[in-house]
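Each chain, written out:
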Amino acid sequence: MNLRPFLEAGVDEAGRGPLAGPVVVAAVILPAKYDLDSLDDSKRLSAVKRERLAPQIEAQAVAFAVEFVEIDEIDRVNILQATLNGMQRAVENLNPTPQRALIDGNRAPKLACEVETIIGGDRLVASISAASVLAKVYRDRLMLSMHDLYPEYGFDRHKGYPTALHLERLKLHGPCCIHRRSFAPVRKAIG
């Protein structure tokens, strides 16, 4: 007889679209009962709400793991494969190991457990929403620290996404060491 509860992890990422910085993947196993006020897709929450929710998620989760997929891996294998690699590592770093992983989107990494993809899962499944919040919070914190090192790019405002400001600064200053050389606007700035 198996007395272990069925463990299901939600998995999501932040930072596939930016020109700079890592992709951050989070995997979260929530308990059957939790109290996370206004949990939602991280993109639908303010930065203040995400920062308030993150420690609550960490405190209440059965397990969570956050994986940073660095720029060199993104440039070496492409953004999709790098994201899938990060998802695989995040799920593998969960303790206890889940029996199923619910992945936001339509592509899934190869995992030792059962896998299900859910388009819009960050709005529909609490554990994916929790993973979405952790991934966004960890990535935003890192990009704010990158702003301290490279203030000329305005990472505190756009977090590496290809906004008009970022593209203007990239053209003016050229790429720094956290820019993804495999992305077209960065290649163009290199010349």
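Each remark here, short or long, concerns the structure printed above.
Computed from a prediction, not measured in an experiment: that's the story for all the values here.

### Examining the overall build of the protein chain
Part 1 of the reasoning: In terms of helices and strands, the protein chain carries eight helices and five strands.
Part 2 of the reasoning: Counting from the amino terminus, helix and strand elements in the protein chain follow one another as β-β-α-β-α-α-β-β-α-α-α-α-α.
Part 3 of the reasoning: A compact globule built from 191 residues should have a C-alpha radius of gyration of about 16 Å, and the protein chain, at 17 Å, falls within 12% of that.
Part 4 of the reasoning: Principal-axis analysis of the C-alpha atoms gives the protein chain an extent of 65 × 35 × 25 Å.
Part 5 of the reasoning: Going through the 191 residues of the protein chain one by one, you find that 49% of them count as buried.
Part 6 of the reasoning: Long-range contacts, defined here as pairs at least 24 residues apart, represent 61% of the contacts in the protein chain between residues at least 6 apart.
Part 7 of the reasoning: When the accessible area of the protein chain is evaluated, it comes to approximately 9500 Å², of which 51% is carbon and sulfur surface.
Part 8 of the reasoning: Computing the positive centroid from 25 side-chain charges and the negative centroid from 24, the protein chain places the two 5 Å apart.

### A look at the pattern of salt bridges
Part 1 of the reasoning: Under the definition given, this model contains 10 salt bridges.
Part 2 of the reasoning: Asp140 serves as the salt-bridge partner of Arg50, at 3.4 Å between the closest nitrogen and oxygen. With Arg50 in helix H1 (residues 47–60) and Asp140 in helix H5 (residues 126–149), this residue pair connects regions lying 90 residues apart in the sequence. Just as Arg50 is buried, Asp140 falls in that class too.
Part 3 of the reasoning: For Arg100, the salt bridge identified is with Glu114, shortest N-O distance 3.1 Å. Here Glu114 lies in strand E5 (residues 114–118) and Arg100 lies in strand E4 (residues 100–104), a separation of 14 residues in the sequence.

### Some thoughts on the packing of H1 against H5
Part 1 of the reasoning: Viewed as axis vectors pointing N to C, H1 and H5 meet at an angle of 120°, and their least axial separation amounts to 9 Å. Relative to H5, the element H1 is oriented oblique. As for the relative orientation of H1 and H5, their crossing is left-handed in sense. Together, Arg50, Glu51, Leu53, Ala54, Ile57 and Glu58 of H1 and Ala130, Val133, Leu134, Lys136, Val137, Tyr138, Asp140 and Arg141 of H5 make up the contact between the two elements.
Part 2 of the reasoning: Along the lines of polarity and charge, the residues of the contact of H1 with H5 split into eight nonpolar, no polar and six charged.

### Let's talk about the packing of aromatic side chains
Part 1 of the reasoning: In the structure shown here, the tally under the stated rule is two aromatic pairs.
Part 2 of the reasoning: Measuring from ring centre to ring centre gives 5.5 Å for Tyr153 and Phe155, while their planes differ by 20°; the resulting arrangement is stacked.
Part 3 of the reasoning: Its relative accessible area of 3% is what places Tyr153 among the buried residues.
Part 4 of the reasoning: Sitting over the face of the ring of Tyr138, Arg141 holds its NZ or CZ atom 5.8 Å from the ring centroid.

### Details of the sheet that holds E4
Part 1 of the reasoning: With respect to topology, five strands assemble into an open sheet ordered E3-E2-E1-E4-E5, the strand pairing being mixed. The outermost strands of the open sheet, each flanked by one partner alone, are strand E3 (63–69) and E5. Strand after strand, the sheet turns through a mean of 20° between neighbouring axes, direction not considered.
Part 2 of the reasoning: As paired elements, E4 and E5 share five bridges and run parallel to each other.

### Concerning unusual backbone geometry
Part 1 of the reasoning: A cis amide bond links Asn95 with the next residue in sequence, Pro96, at an omega value of 10°.
Part 2 of the reasoning: The topology assignment puts Pro96 in the loop between helix H3 (79–92) and E4.
Part 3 of the reasoning: The phi angle at Ser38 is positive, at roughly 60°, despite the residue not being glycine.
Part 4 of the reasoning: Relative to the assigned elements, Ser38 resides in the loop between strand E2 (23–29) and H1.
Part 5 of the reasoning: Not every positive phi belongs to a glycine, and Asn78 is a case in point at roughly 95°.
Part 6 of the reasoning: Within the secondary structure, Asn78 sits in the loop between helix H2 (71–77) and H3.
Part 7 of the reasoning: Look at Asn78 and you get partly exposed, because its relative accessible area is 41%.

Rules used in this analysis
- Residues numbered from 1 in each chain as written.
- Predicted model: local features only at pLDDT ≥ 70, side-chain atom pairs only at ≥ 80, totals over all residues.
- Heavy atoms only, no water.
- Helix = DSSP H or I, 4+ residues; strand = E, 2+ residues; numbered from the N terminus.
- Rg over C-alpha atoms; globule rule 2.2 N^0.38 Å.
- Buried < 20%, exposed > 50% of the residue type's maximum accessible area, 1.4 Å probe, protein only.
- Contact = heavy atoms within 4.5 Å.
- Areas by Shrake-Rupley, 256 points an atom, 1.4 Å probe, with all protein chains shown as cover.
- Lys, Arg positive; Asp, Glu negative; His and termini not counted.
- Charge placed at Lys NZ, Arg CZ, Asp CG, Glu CD.
- Salt bridge = Lys/Arg side-chain N within 4 Å of Asp/Glu carboxyl O.
- Axes fitted to C-alpha atoms, helices over the stretch in contact; angles between N-to-C directions.
- Parallel < 35°, antiparallel > 145°, perpendicular 65-115°, else oblique.
- Left-handed = near helix turned anticlockwise from the far one by under 90°.
- Nonpolar A, V, L, I, M, F, W, Y, C, P; charged D, E, K, R; others polar.
- Phe/Tyr/Trp six-rings, centres within 6.5 Å; stacked < 30°, edge-to-face > 60°.
- Lys NZ or Arg CZ within 6 Å of the ring centre and 35° of its normal.
- Pairing = 2+ DSSP bridges.

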